[in-house]
Amino acid sequence: MVDPSINEHRPGLDRLQLLALAGLMVLGALFVCSATLANPASASLPWFDQMWVRQIIWYAIGIGAGAVLCFVEYHTIARWSMVIYWLTIFSLIAVLIPHVGSMRYGARRWIDLPFFQFQPSEFAKLAFILAAANFLSRPPDELRQPVIFWKTLGLMLLPFALIYKEPDLGSALVLMPTGLAMMYVAGIPKRSLMLLIGTVGVVGLLFIVDILYAPHALQIPIHPYERDRLLVYFGRDYAHFAPSGATPAELQNIHQQQLGDEYNVRQALISVGSGGLTGKGWRHGTQNALGYSPRAVAHNDFIFSVIAEEEGFVGSVIVLALYAVVLFAGLRIAGQARDRLGKLVAVGVVTLIFSHVFINIGMNIRIMPVTGVPLPLLSYGGSSVLGSLIAAGLMQNVYIHRKGY
Amino acid sequence: MLVFDELKKNDPQLRFVALALAAGLFVLLAGLWWVQVVSAGEYKSHLETQSYRTIRMPAMRGRILDREGRVMAENTARYNLSLYLGDLSGAFQTEYNRLRPIRRVAPSQPFWKFWPSSSPAPKAGSLSKEQIASLTWQARDDVAYGVISHVSQTLGQPLTFDPKNFQRAYESSLYVPYPILQNLTPEEIARFEENYSESMGVDLEVQTTRSYPLGTTAAHVLGYVQKDDSSIEGEDSFFNYRLPDYRGVVGIEGGFDSALHGRAGEVSVMVNNQGFRQPGEDVGSEPDPGHNVVLTIDLDIQRAAEQSLAQHQGADARAAVVVMNVRTGDILAMVSSPGMDPNYFTGNLPPDEIQKESALLDDPKLRPLINRATYENYAPGSIFKPIVGLAALDNGLNPDEIYQVQPDPLDPDHGCIYLGARKIKDTVHPGDYDFKRAVAFSSNSYFIYNGLRTGIEKIVALGEKFHLGEKTGLPTRQETRGIFPSLEEVRKSDWRVGDSANICFGQGQMAVTPIQIAVAYSAIANGGNILWPRLVDRVVSQDPASGETPTIFPSGVVRDQIGVRPRSLRIVCDAMLDETQNGTGKPADVPGLSICGKTGTAQVQDETGKLIAHNYWFASFAPYESPKYAVIVMVQSESGGSGGSTCAPIAHDIYAALVEKDKSLTPSVATVNGRKRNG
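Computed from a predicted model, the values in this text were never measured in an experiment. (Residues numbered from 1 in each chain as written. Chains lettered and ligands numbered in written order. Predicted model: local features only at pLDDT ≥ 70, side-chain atom pairs only at ≥ 80, totals over all residues.)

Peer 1: Teacher, can you tell me more about the overall build of chain A here?
Peer 2: Helix and strand counts for chain A stand at 18 helices and three strands. In terms of overall dimensions, chain A is globule-like: its C-alpha atoms have a radius of gyration of 22 Å, near the 22 Å expected for 405 residues. Oriented by its inertia axes, the alpha-carbon framework of chain A measures out at about 75 × 50 × 40 Å. Contacts spanning at least 24 positions in sequence make up 72% of the contacts within chain A whose residues lie at least 6 apart. (Helix = DSSP H or I, 4+ residues; strand = E, 2+ residues; numbered from the N terminus. Rg over C-alpha atoms; globule rule 2.2 N^0.38 Å. Contact = placed C-beta atoms within 7 Å.)

Peer 1: I'm lost on the overall build of chain B in this one. Help?
Peer 2: The helix and strand tally for chain B stands at 20 helices and 24 strands. Taking 26 Å as the expected radius of gyration for a compact globule of 679 residues, we find that chain B reaches 38 Å, considerably beyond that expectation. Each principal axis of the C-alpha atoms in chain B carries an extent, and together these give about 135 × 65 × 60 Å. Across the 679 residues that make up chain B, the buried fraction comes to 42%. (Buried ≥ 20, exposed ≤ 12 C-beta atoms within 10 Å, placed from the backbone.)

Peer 1: In this structure, what is going on with the environment of Arg327 of chain B? I would like to understand it.
Peer 2: All names here are of chain B. By secondary structure assignment, the location of Arg327 is in the loop between β12 (318–325) and β13 (331–337). Look at Arg327 and you get partly exposed, because 18 C-beta atoms sit within 10 Å. Between the C-alpha atoms of Arg327 and Met57, which are 270 residues apart in sequence, the distance is 43 Å. Once you skip the residues sitting within four places of it in the chain, Arg327 turns out to touch Asn526, Gly556 and Lys628.

Peer 1: Can you help me understand the sheet that holds strand β17 (residues 431–433) of chain B in this one?
Peer 2: Each strand in a sheet pairs with another by means of backbone hydrogen bonds, the pair being arranged parallel or else antiparallel. Residue and element names in this part refer to chain B. The sheet built from four strands is open, its strands ordered β16-β15-β14-β17 with antiparallel pairing. Edge strands, defined here as strands with exactly one partner in the open sheet, are β16 (422–425) and β17. The average angle at which neighbouring strand axes cross in this sheet is 50°, direction not considered. As paired elements, strand β14 (residues 403–408) and strand β15 (residues 411–419) share three bridges and run antiparallel to each other. By the bridge assignment for β15, Gln406 is matched with Cys416. (Pairing = 2+ DSSP bridges. Axes fitted to C-alpha atoms, helices over the stretch in contact; angles between N-to-C directions.)

Peer 1: Looking at this structure, how should I read the nonpolar core?
Peer 2: Here is a general trend for soluble globular proteins: nonpolar side chains tend to be buried in one another's company. Within the largest apolar cluster, 128 residues are counted, with the highest numbers of intra-cluster contacts made by Ile303 and Val345 of chain A. Of the residues forming this core, the biggest block, 17 residues, is contributed by helix α16 (residues 303–336) of chain A. The contacts of Val345 of chain A, once residues within four sequence positions are left out, are Tyr74, Ile129, Leu130, Ala133, Leu394 and Val398 of chain A. With 124 residues, the next largest nonpolar core counts Val221, Tyr433, Ile515 and Val633 of chain B among its residues. (Core = buried A, V, L, I, M, F, W, Y, C linked by C-beta atoms within 7 Å.)

Peer 1: Explanation requested: the sheet that holds β12 of chain B in the structure shown.
Peer 2: Residue and element names in this part refer to chain B. Here we have five strands laid out as an open sheet, ordered β13-β12-β24-β23-β22, and antiparallel in their pairing. Looking at which strands have only one partner, the edges of the open sheet turn out to be β13 and β22 (596–605). With strand direction ignored, the average angle separating the axes of adjacent strands in the sheet is 10°. In the sheet, β12 pairs with β13 via six bridges, with the strands oriented antiparallel. Bridged to Val323 within β13 is Ala333. Packed on one face of the sheet, helix α10 (residues 299–313) meets β12, β13 and β24 (629–637) and runs near 30° to β13. Strands in contact with helix α19 (residues 566–582) are β22 and β23 (611–622); relative to β22, the strand with the most contacts, it is inclined by about 80°.

Peer 1: How should I be thinking about the pairing of β13 of chain B in this particular structure?
Peer 2: The side chains of a regular strand alternate, residue by residue, between the two faces of the sheet. The buried fraction of β13 of chain B is high, at seven of seven residues. The loop that links β12 of chain B with its antiparallel partner β13 of chain B comprises five residues; one of these, Gly329 of chain B, has a positive phi angle of about 85°.

Peer 1: I would appreciate a short explanation of the packing of helix α17 (residues 340–364) of chain A against helix α1 (residues 12–38) of chain B in the present structure.
Peer 2: Where α17 of chain A meets α1 of chain B, the closest approach of the two axes is 10 Å, and the angle between their N-to-C directions is 15°. It follows from the interaxial angle that α17 of chain A and α1 of chain B lie roughly parallel. The handedness of the crossing between α17 of chain A and α1 of chain B is left-handed. Residues Val347, Phe354, Phe358, Ile361 and Gly362 of chain A of α17 of chain A form the contact with α1 of chain B, whose own contacting residues are Val17, Leu21, Gly24 and Leu28 of chain B. Of the residues belonging to the contact of α17 of chain A with α1 of chain B, the class tally is seven nonpolar, two polar and no charged. (Parallel < 35°, antiparallel > 145°, perpendicular 65-115°, else oblique. Left-handed = near helix turned anticlockwise from the far one by under 90°. Nonpolar A, V, L, I, M, F, W, Y, C, P; charged D, E, K, R; others polar.)

Peer 1: It is not clear to me how the environment of Ala421 of chain B should be interpreted in this structure. Could you clarify?
Peer 2: Here Ala421 of chain B lies in the loop between β15 and β16. Expressed as a C-alpha distance, the spacing of Ala421 of chain B and Glu193 of chain B, which sit 228 residues apart in the sequence, is 84 Å.

Peer 1: What is the right way to read the pairing of strand β19 (residues 536–540) of chain B from this model?
Peer 2: Residue and element names in this part refer to chain B. Where burial is concerned, most of β19 is hidden: four out of the five residues are buried. Where strand β11 (residues 292–295) meets β19, four bridges bridge the pair, whose relative direction is antiparallel. By the bridge assignment for β19, Val294 is matched with Arg538. Pairing between β19 and strand β20 (residues 551–552): two bridges, direction antiparallel. Its bridge partner lying in β20, Arg538 is registered against Ile552.

Peer 1: How do you make sense of unusual backbone geometry when you look at a structure like this?
Peer 2: Trans peptide bonds make up the majority, and among non-glycine residues the majority have a negative phi. Geometrically, the link from Glu166 of chain A to Pro167 of chain A is a cis peptide bond, its omega value of 5° lying close to zero. As for its placement among the helices and strands, Pro167 of chain A is situated in the loop between α9 (146–165) and α10 (169–186). Put simply, Ser337 of chain B and Pro338 of chain B share a cis peptide bond, and its omega is 0°. Locating Pro338 of chain B in the fold gives a position in the loop between β13 and α11 (351–362). Of note in the backbone geometry, Arg283 of chain A takes a positive phi value of approximately 65° without being a glycine. Judged by local crowding, Arg283 of chain A falls into the partly exposed class, with 16 C-beta atoms found within 10 Å. Located in the positive-phi region is Arg477 of chain B, a residue other than glycine, with phi close to 60°.

Peer 1: So what exactly am I meant to see when it comes to the confidence of the model for chain A here?
Peer 2: Keep in mind that low pLDDT regions are not for reading the predicted coordinates in detail. When the pLDDT values of chain A are averaged, the result is 85; 92% of them are 70 or greater. Note on residues 1–9 of chain A: pLDDT is under 50 here. Beyond four places in sequence and across chains, it has seven contacts. (pLDDT = per-residue confidence, 0-100.)

Peer 1: Would you mind going over the confidence of the model for chain B with me for this structure?
Peer 2: Residue and element names in this part refer to chain B. Taken residue by residue, chain B gives an average pLDDT of 87. The fraction at 70 or more is 92%. Confidence over residues 669–679 falls short of pLDDT 50; this stretch has zero contacts with residues more than four positions distant or in other chains. For this predicted complex, the interface confidence reaches an ipTM of 0.89, while the overall pTM sits at 0.73.

Peer 1: Even after reading the chapter, I still don't get the interface of chain B and chain A, so can you show me in this structure?
Peer 2: Accessible area lost when the parts come together is the quantity often used to give the size of an interface. Contacts between chain B and chain A engage 40 residues on the former and 42 residues on the latter. Counting only elements with at least two residues in the side of chain B that touches chain A, the list comes to α1 and α2 (40–51) of chain B. With 15 residues, α1 of chain B is the single largest residue contributor to the side of chain B that touches chain A. By residue class, the composition of the side of chain B that touches chain A is 22 nonpolar, 13 polar and five charged.

Take a look at the structure:
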């Protein structure tokens, strides 16, 4: 419990960050509303089934969950971190089992619960942060031992592999910068980190080169649509991957498929670009209303394109500013944290949110490949909202129990 | 900065993370600035290309009016029944869902219901792309067919549904209504309206079509239009869709197409990703309506001429009439027979009449599409004699000099003339002929003798002054130049006396159009001025309130002067007056009006030289005292006749109508002028 006497001279919560979070939630509700009401099929649902109403409900649940977390000191939570970690690992395995994990858009990422489609990867990321923070908050001497580095790496690679298997390359990749930043801040020797970055870089490069240029027989097995997204991102012609001796009709088919795959990216770019400086006004975006923006993703993965189209560059800057406040306030919390555990939790959460923001907005303007990474608090989705608000709760928890306490 | 306060402390790792985040956010900011500010225009144009379709909206075509403002060509509304595909998109989806095999696995069912069974999920519901496409089309066809058969029942009229046509329209122009029945009768409209409901996805559509309320009247002057929706100069060349439009082919419709046509407008409609039209503000440019064209034609005279022609010669007569004001060059009537109905080309005729008209238009002999007043060459015969006479008189022929027509040895009752060994028959009795008598009875011998005495070069030179062998410059796109020898030709060694003799009585190597004769006779009547005939009086805005200055075409524009002495002209006029009063042109006579006329009969030969028909002519002007109108009547016929008996009675009717018209017009013109001045 928070001691009231402390609140007199120092506020118990980081209000600036909370204000920014509230701003993001308001924007999220408004634009999920705009994105879904443009679709006659969703607009005709009863109000309590409207996505923006559900999103608000998830905000409420998330705020509740985050607030409850604040009452439990983060050390207590950290003590249970390995249990939480293994629970989420178990759920990540479960999601891969047919009938347990439900298949959508060619990926098995969700567990259908009666009231809610549970996406374990959203919680696995947080569980990893807690587990890694707990593991790395040991005396600095121990961190120099290579075994610690390798164990942390293992902690990260286990959920990475499972999420990659769903497949959800984007969500898996988010773990990388998060783990890296935490190890760096914790004080893992730079040599090990450079080795890790170098290895990841080389492997990543080889991976991409293999996907883009290797002959069919030497291709790393990867889900076809993830391969296609990479091809689209790097502007490779699908025709290179056509089996030799393909008929013109088949080539035409492949070309059509490429156009189809590029469609989302192109439409997102047109939405964002046509928003211009000031945008077309809330609920006046045409891309979504006319169905050019794919309706399946406009309100979740591509919510940013809706905001950017309707509010223009001004709106984009507001969104970026709100995230900047959340992130830098998070880093300040890390700096003020009472101990390394708190600092690492805060750094982990900040890096995680940043990675989401960067990948998601980046894919809207084509500087990142399209992946199913949600925009924290803005994208529609229970798991994502819940995860983001729990993460925010963890940061506030660290702040409440900061130095000078 | 507040946020960075804590970072100033000695914590390099955290500071590095903060820098990395700042750099990342800056990259996003720069990227967004590039996309949303620098390249915004490019993406906005992408957006327009994919979400707007442009439709060409034809302008309201100008009307064609007679000189008194009576409508000759106009636009009428036509009602079509069309399928509004956008309204049916929901029905298409519902039908598709109904047709589609039901999936046995509901994806949203909770996992525990399947937990006991470990068998793989049945995949009965999954379809290949081709199956989906074929089902989608089946659904669309079903819905469209359903609606069309419902409408068919409502109207009590069988309607056809062509799936191929429907598919083409669906794929290319989903955003415009799909027509299912065109040109509804008032009864059908009423039936449809009674049973109308908004949910049907069918509605009436108004389309304007060109129509000619007078049918065949003055059809050759008006010409006709054909469907043509291509862009004219100065319009956008690209449209996604073009509404039906017309382009004039011949006649005034053709010659004044640019004035009548106006400028098409453009509507941009918003379409969604499937191509359905979306409600919303349509942007674009309004069409600029075409201008009305006011003709010099007087419908009263035109009708009188047509009726008289039909009455005397029947509807299938191959004939032409031109009535021209000899002072102004105004064409008051221009008739070509057989008539044609320009409504045929816009589909405004009832089906049975369409067939009849189609058969008529294809008739190789009647060729009703030809404007015989301007577009076909005819040997003039004796009506050319006044011009030969003018040349002779101007070159010293004494009109009182007697020429003795000698009898034809084989036919002593008729005259003839010998050119060397060649005998040319004359229709007149042998005897003494002076100029007047030679004109009145149309003696070939007299004109051959005196023509040759004058010299063919003089006759040709005068003919050139009359601009024979040249177009008169009508804007109807149906005009021939006629045939007339040049001076070089007659000077050549192979030009023989016989050729010259033929010219002297209007046969041989020359041919004219009735409009050329009208211009020539007007010149004889008006003292020698060759006028540019005038068919269009003015081009005015359709909107009287527009304040636009009308384009008025000046009347009485002189093209050339024949340069003949007034005395010669007077002698010819006197002789022509005598012809209608005492000679062959008598049937044209109208009491109280002195008409100068000349009859003519020319032989028409086929390629082998066999006589196949005659051109009967009556060329005239009146009144003698102060000539005002030239009336030219030409009938081509296989049956016997003469200029006097075949054509002069028609000219009589026309003169009677002109006299009538002048009587009724005189006071009203005064009031119109008076009002104008007051206004």
